[in-house]
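Take a look at the letters that make up each chain.
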Amino acid sequence: MDGREPYPSDLSDEAWELVRPVITAWKAKHPSVSGHEGQYAMREIVNALLYQARTGCQWRYLPHDLPSTSAVYYYFGLWRDDGTAETIHELLRCLAREMRRRREDPTAVVMDSQTVRASVNAPKETTGLDPGKKSPGRKRGIATDVIGLVIAVLVVAASVHDNAIGIALLDRVAASAPTVTKVWVDAGFKEAVVEHGARLGIDVEIVQRKPGTRGFTPQPKRWVVERTLGTLMLHRRLARDYETRPASSVAWIHWSMTDVMLRRLTRTTTATWRDPPARRPAPPPQQEPR
């Protein structure tokens, strides 16, 4: 950050210390063939990725005082494909759970899906039409623990049924968090998901809406995952699916949740989209009559 003004999305010193060990270890395992240390500091690369996640700007519109577009995208692709982005996310999730005095591994999760429109960059074979919401694009399936931290992520065409998403998420949950024994889902997930969970030793419960309720009503247990989906949408990169590859969409969910957890761990607030209201000048003091 030497020589430039900080952005609201930049890592604080405390946040960087949480991420630095993983990045430093990765850098040590991937030395340059020429021995060159690289033109950009790794902290600035992460700052650029968090700026991109938060603002959602096009790659070529990254500010000139951040590392070059080619360098940032180079590391984004490497860390997406070798699992580094997910490793950072998993480490912070464990720390965030410990901060809430919970064990590292959850025993219960909540699953849901979200349909988002895809940009023209998305290949036709990776998108579809959600028949229920009549919306074209992609679906994000996520599983969170009971405090809203992401355990598993899946991005598919919007035409894929929630049953298939639920089954795939259960497999990922069982692989990454074998301690999970309870899952809550909404009525969009059918008996096929319940039966698959039983085969994995997981009790899947479908949370039904109370008869007669209208409009949006938070459902017991399930509201946690809905809150997480709403929090993720504060990162404009996720307001629409701009990615050519679904794997990139998953990586941006990990980076966005990394931003959320870093702020929770360092007890800093997330800057809003709106500018703070302008301060009105104080009225001149009134002179008392003599």
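Residues numbered from 1 in each chain as written. Predicted model: local features only at pLDDT ≥ 70, side-chain atom pairs only at ≥ 80, totals over all residues. Heavy atoms only, no water.

Concerning helix α8 (residues 246–265)
Part 1 of the argument: For α8, with 20 residues, the first-to-last C-alpha span of 29 Å sits near the 28 Å given by 1.5 Å per residue.
Part 2 of the argument: Among the 20 residues of α8, 17 are classified as buried, and the element is accordingly described as predominantly covered.
Part 3 of the argument: Just beyond α8, the residue with positive phi is R267, at close to 55 degrees. (Helix = DSSP H or I, 4+ residues; strand = E, 2+ residues; numbered from the N terminus. Expected span 1.5 Å × (residues − 1). Buried < 20%, exposed > 50% of the residue type's maximum accessible area, 1.4 Å probe, protein only.)

A few points about empty space enclosed by the protein
Part 1 of the argument: On inspection of all chains with the given rule, the structure shows 1 cavity of 30 Å³ or more.
Part 2 of the argument: Estimates place the volume of the largest cavity at around 40 Å³.
Part 3 of the argument: Forming the boundary of the largest cavity are R140, R237, L238, R240, D241, Y242, E243, S249, W252 and I253.
Part 4 of the argument: Across the lining of the largest cavity, the residue classes break down as 4 nonpolar, 1 polar and 5 charged. (1 Å grid on protein atoms, 1.4 Å probe; cavity = no way out; pocket = protein on both sides within 12 Å on 5 of 7 lines; lining within 4 Å. Points joined across faces, edges and corners; volume = space filled by probe spheres on them. Nonpolar A, V, L, I, M, F, W, Y, C, P; charged D, E, K, R; others polar.)

Re the environment of V193
Part 1 of the argument: Along the chain, V193 falls in helix α6 (residues 191–199).
Part 2 of the argument: In this structure V193 comes out as buried when scored by relative accessible area, which is 0%.
Part 3 of the argument: The spatial distance from the C-alpha of V193 to the C-alpha of I206 is 9.5 Å, given a sequence separation of 13 residues.
Part 4 of the argument: Excluding residues within four positions of it along the chain, V193 makes contact with M111, N163, G166, I167, L170 and V204. (Contact = heavy atoms within 4.5 Å.)

As for the nonpolar core
Part 1 of the argument: Judged by nonpolar contacts, the single largest core of 52 residues is most densely connected at I23, I45, V46, L49, W79, W252 and W255.
Part 2 of the argument: Elements supplying a minimum of two residues to this core: α1 (13–29), α2 (42–55), α3 (69–81), α4 (84–99), β1 (108–116), β4 (150–157), α7 (223–232) and α8.
Part 3 of the argument: Here the element with the most residues in this core is α8; it accounts for 10 residues.
Part 4 of the argument: Those residues in contact with W79, other than ones at most four positions away along the chain, are I23, W26, M42, I45, V46, L49, T84, A85 and W255.
Part 5 of the argument: Ranked by size, the runner-up nonpolar core spans 19 residues in total, among them V173, V185, F189 and V204. (Core = buried A, V, L, I, M, F, W, Y, C linked by side-chain atoms within 4.5 Å.)

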